[in-house]
Amino acid sequence: MMLYIAIYFICVNCISAYLMYIDKQRAIQKAWRVPESNLFFFCVVGGFLGTYLMMKYGRHKTQHWQFHAVVILSFFFWIFILPAMIYYFIYYTP
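Residues numbered from 1 in each chain as written. Predicted model: local features only at pLDDT ≥ 70, side-chain atom pairs only at ≥ 80, totals over all residues. Heavy atoms only, no water.

1. Quick notes on the packing of aromatic side chains
Using the criterion set out here, one finds 14 aromatic pairs in the structure. Taking 5.6 Å as the distance between ring centres and 70° as the angle between the ring planes, the aromatic pair formed by Tyr88 and Phe89 counts as edge-to-face. Through a chain of ring-to-ring contacts, the aromatic side chains of Tyr87, Tyr88, Phe89, Tyr91 and Tyr92 assemble into a single cluster. (Phe/Tyr/Trp six-rings, centres within 6.5 Å; stacked < 30°, edge-to-face > 60°.)

The structure is reproduced here in structure tokens:
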């Protein structure tokens, strides 16, 4: 089970980082861009690390407070809230 979760997070983060990279390249070329809703979606479904790394090292979307907020909230959800909810439903529900 843990292997599937790890594979899921690796795939989602790679997709998220790739989309941020493509969006950065298209912004430089002044071409059609990846919609921000797609970038937000992949961040929320677990790609917060890929999004964060591209923001930091790819210097993309760093001026948009919305991306900072989504990365932080997504991180807290996946690392703290979701495991706590799973633990609660496993051990404390009848």
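So that's the structure; there's more coming.
2. Digging into the side chain of Thr51
Structurally, Thr51 is set in helix α2 (residues 36-57). By relative accessible area, Thr51 is classed as buried at 0%. Within the structure, Thr51 has its side chain in polar contact with the side chain of Ser16 (distance 2.5 Å). Discounting chain neighbours no more than four positions away, the residues touching Thr51 are Ser16, Met20, Cys43, Phe67 and Val71. (Helix = DSSP H or I, 4+ residues; strand = E, 2+ residues; numbered from the N terminus. Buried < 20%, exposed > 50% of the residue type's maximum accessible area, 1.4 Å probe, protein only. Polar contact = N/O pair within 3.5 Å; in protein donor to acceptor, adjacent residues only side chain to side chain. Contact = heavy atoms within 4.5 Å.)

3. Brief notes about helix α1 (residues 2-29)
When the terminal C-alpha atoms of α1 are compared, their 41 Å separation across 28 residues agrees well with the 40 Å that a helix rising 1.5 Å per residue should span. For α1, every residue scored as buried is listed here: Val12, Asn13, Ser16, Leu19, Met20, Ile22 and Asp23. Each element contacted by the buried residues of α1 is listed here: α2. Two residues or fewer past α1, Lys30 is found with a positive phi of approximately 55°. (Expected span 1.5 Å × (residues − 1).)

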